[in-house]
Structure formats: structure tokens, C-alpha cells
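# Remarks on the overall topology
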Amino acid sequence: MASDRGRRTSELLDLRARIPEHVVHRDFPGETVVLNVETGQYHGLNATAGRMLTALEGADSIGSAVIALAREFGMPRTEIERDLSGLCLALADRGLVELGDARAG
Amino acid sequence: MPGRAERAQVFDYLAFGLPLRSSFPLPGLLTAPASRNALSIQLTSRPHIERLWSGTPGEPVWLTAIDGRPYAMELGAGGDYLMTYGDEAVFLLSANVRELRCAPAEQPGAAWQRFLLDTVLWSASLLSGIELLHASAVQGTAGVAAFAGFSGSGKTSLAVELVRRGGALFSDDILALPPATGELQAHPGPALMNVPREPETCDGVGDLGHVLVQFPGEDWVTVPRAAAAPDRIAAICLLGRGPGRTLALRRLQPTVLDLLPFTLGFPHLSGRMRHRFTLFAQVAAEIPIYELSAPPGAPPASLADLVEPLLFRGVGQARAA
């Protein structure tokens, strides 16, 4: 969603990133391939972005995914917040994730 | 006019993972036990097909030329498919992929039967839910090695060479992959090949099999040494032939994107994308995938030297970089 572009990182952290029904993905060594069935377009994510997508899928909010990834990568939380927020917005622009209220469903 | 006994005769076959029950004999097909789910193949007349087809006001779902003849595949309002192969034949496939009616312009005729045993049958296989890879394939002691490539890349010539070295023909052009819950298995195509009559790329039919018909530039051949059952896929080689390439076999670290260019699908079946993605992602993850590259003039024997160890156990190590 284009409006997500204007969202501040702090607002994004409270949201949850859901992979919609029309998106299917598979991890391969070195790359994750994502298919948007609605548009017929394939997208490639590098290993780090692929790991972030998996973390988002299992987290109840983007903020909690940040905590898990910062621990896993041994990186400062602020750096992960910046990278993960950018990834979430890029994925949302392409219809590969939907950003919504973390408390819903 | 066929007699009473002849009219009652049926022939049960299997091709591209699809059980078939034909009212007339077809060359090069695996005989199989009768199946309740078989696609029934019957001869009829063109006017009869025109009466049966549910008809469509829309554009054909596939319009192309095959072997110099125009080909149109049209989707009817009732979900049936009308396939018109030039002036040679018209085919009508029912919406549930259980009945195929064939109306050839002349019987017997070779061109329409070749078209039936290739494009029409693999289309039916695809429409029944089986996924397809554009590849020739040969079966050896290690399983099936498939050679995926675009037209003119040398798939058939390489398969001919490997059959001559003791392999069994698995498919000339299309590899069928039914949905799998466990180990992926490929299903063989007809034991038929279209062997190019070009001395520089192929030595001709020789002892490969029996020439059914000579078409311009190629022989339609039945191959006695052919696979009789589904088998596991031992390797897939992506054939790349072109100027500047050197002869080499290289193991890839593939993703599904490496295979998708060689898969078959109809544009109107976009709902199949998810299934195709899932199946070929499994293929990419579980089966060794190689890039087999060669310059334009490389003889099939030199390519076969590289891939032979993938096919036969105990023939040394695959010469992959």
C-alpha cells in the first residue's frame, strides 16, 4: 500500500505483516522465491531478506520479529528495525505482505 | 465397415501419466490395465464434433503453427476444448478430460496420429492436473535423466545417443510429473521419437527403432527400447546451446526460477500457477539440476559423454565442474 510509505518506523513496529493467501514462497540455499499468484509475478529475496520474511510470518508483530532477528543476527535492534521496516514496505508495495493491526486475528 | 467384433475392441494404454482407452490401436503407447479413470479416445466425424462442441464466442486459448500447420485450441462455453489441426484433424476433449473424439480428414493418416500422440495427449494430461516439463528423457540404472531445453537445443539427438548407449527412451519431448505426496516420479511418454534427418547432428535412425513415417526433415520412429513404468528422476540437465558456449556440465544451486521457463501451461489456466510453483520448487530442492552447455556444432556423442554417468550406476563420476 502506497500509504504505508509514509508510516514511521515506530508505527510499523506495532503492526503485523501477514502473508496473504495469494502469495506462496519457498526457501532455497541463497535465495527465497516468492510468487504473487494474483499478478503472476515472481520475486527473489536474498538469504537475509528471506530469513526476515520467515520471521515476520511467525511473529505477532513486526516489533517482535525485530527482537528475534536482532538476537539471531547479533545486530543492534535499531539496525534491524530500519532494515525490516524497509523490507516490509517494499513487500507491501508488491502485494506480498499485508500490514494490519497486530491484535486482529 | 468394421465387423461387430472389431467394433467392440478397445485398447488400454498409458501416456504422460494419463490412462487411455482407445477404440482403435495407436503406435508406440504403453499397454496398461484397464482404468475406470481412463480418457476414452474415439473416432468420429467432423460434423459430429461440431454438433457436440459447446462453442465459444471468444478468442482461442492457444493459436500457433505446428509442423507447418495452423493449430487452434478453443475453450467452449461448457468447458470442453476444440482442437483444430490445419485440415488434418479436429479433436474434441470433454470438460472432465474423460472423452476425446478425433475426426481425421483421412484414415489411416500419419500426421494426425502423430499430433494426437504428442500435442493432444500432453494437453489432456496438463488439463487433468499433471505438470509437464519440456524435456527429453532417458531411463538408466540410476533412474531417469531429463534434458530440458527449447526447440532446436538438441534434446532429441542427445536422447537418441543415450538410447544407443543402453538407455531406455522415457520421453522424446515432454516429461509428465503427476502430483506427488512422497518421492517425485516421472511418467513416460509414448515410445516415439521425431528423429531429425541431419547427418551433422544425428546419425539417423539406424538400429534405434522402426521408422513409421518419413516427414519432411525428420523420421517418426517407434523405439522398442523404452521405459515401461514411472520412475524416479535422477537428474535434470538444462540444455544451453549457442555461440560462445563451451562444452561443460555444471551442477547448479537451483531455485524454482531455473525450471519454470521449461514448464508448460496454458495462459487461461492461471489458477494452476500455485500448484506449478509448489511442484517445481520441490523438484528444484530434491533433484540434482545441472547446466549442460555446448557450442552449436557439438556432436550429441560429446554431450552424452558428459551426462552418461548421471544415468548409469557404475559408469564413473559425473564429469560436472
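Described below are features of the structure shown in this document.

The rules behind these values
Per chain, residue numbering runs from 1 following the sequence as it is written. As they are written, the chains are lettered A onward and the ligands numbered 1 onward, keeping that order. Only residues with pLDDT of 70 or above have their local features reported here, since the model is predicted, and side-chain atom pairs are shown and tallied only from 80 upward, although totals for entire chains, interfaces and linings are computed over all residues. Neither water nor hydrogens contribute to the side-chain values; these are computed over all heavy atoms in the structure. Each axis is a line fitted through C-alpha atoms, and for a helix only the stretch in contact is used; angles between axes span 0 to 180 degrees, taken between their N-to-C directions. Counting from the N terminus, the helices are DSSP H or I runs at least four residues long and the strands are E runs at least two residues long. Every angle not falling under 35 degrees, over 145, or within 65 to 115 is termed oblique; those three ranges are roughly parallel, roughly antiparallel and roughly perpendicular. Should any heavy atoms of two residues lie within 4.5 Å, those residues are counted as being in contact. Any residue that is not Ala, Val, Leu, Ile, Met, Phe, Trp, Tyr, Cys, Pro, Asp, Glu, Lys or Arg is counted as polar, Gly included; the first ten are nonpolar and the last four charged. Summed over both partners, the accessible area lost on bringing two parts together, with a 1.4 Å probe, is the buried area. Think of a salt bridge as a Lys or Arg side-chain nitrogen and an Asp or Glu carboxyl oxygen that are within 4 Å of each other. We define a polar contact as two N or O atoms separated by no more than 3.5 Å, with the added condition that, inside protein, one atom must be a possible hydrogen donor and the other a possible acceptor, whereas residues neighbouring each other in sequence contribute only through side-chain atom pairs.

### Some thoughts on the packing of helix H2 (residues 47-58) of chain A against helix H4 (residues 77-93) of chain A
All names here are of chain A. Put simply, H2 and H4 touch, their axes get as near as 11 Å, and they point 80° apart. Between H2 and H4, the crossing angle belongs to the class labelled roughly perpendicular. The segment H2 lies against H4, with Ala 49, Met 52, Leu 53 and Leu 56 engaging Asp 83, Leu 84, Leu 87, Cys 88 and Leu 91. Class assignment of the residues belonging to the contact of H2 with H4 gives a composition of 8 nonpolar, no polar and 1 charged.

### What about the interface of chain B and chain A?
Size of an interface, as often reported, equals the accessible area lost when the parts are brought together. Taken together, the contacts link 14 residues of chain B with 14 residues of chain A. Roughly 1200 Å² of surface becomes buried between chain B and chain A when both sides are summed, with 72% attributable to carbon and sulfur atoms. Summed over the three residues of chain B that lose the most area to chain A, namely B:Met273, B:Arg274 and B:Phe277, the buried surface amounts to 48% of that side. Joining chain B to chain A, the criterion identifies 0 salt bridges. For the pair chain B and chain A, the interface holds 1 residue pair in polar contact (both at pLDDT 80 or more).

### Quick look at the environment of A:Gly58
Tracing the sequence through the fold places A:Gly58 in helix H2. Between the C-alpha atom of A:Gly58 and that of A:Ala17, which follows or precedes it by 41 residues, the distance is 9.5 Å.

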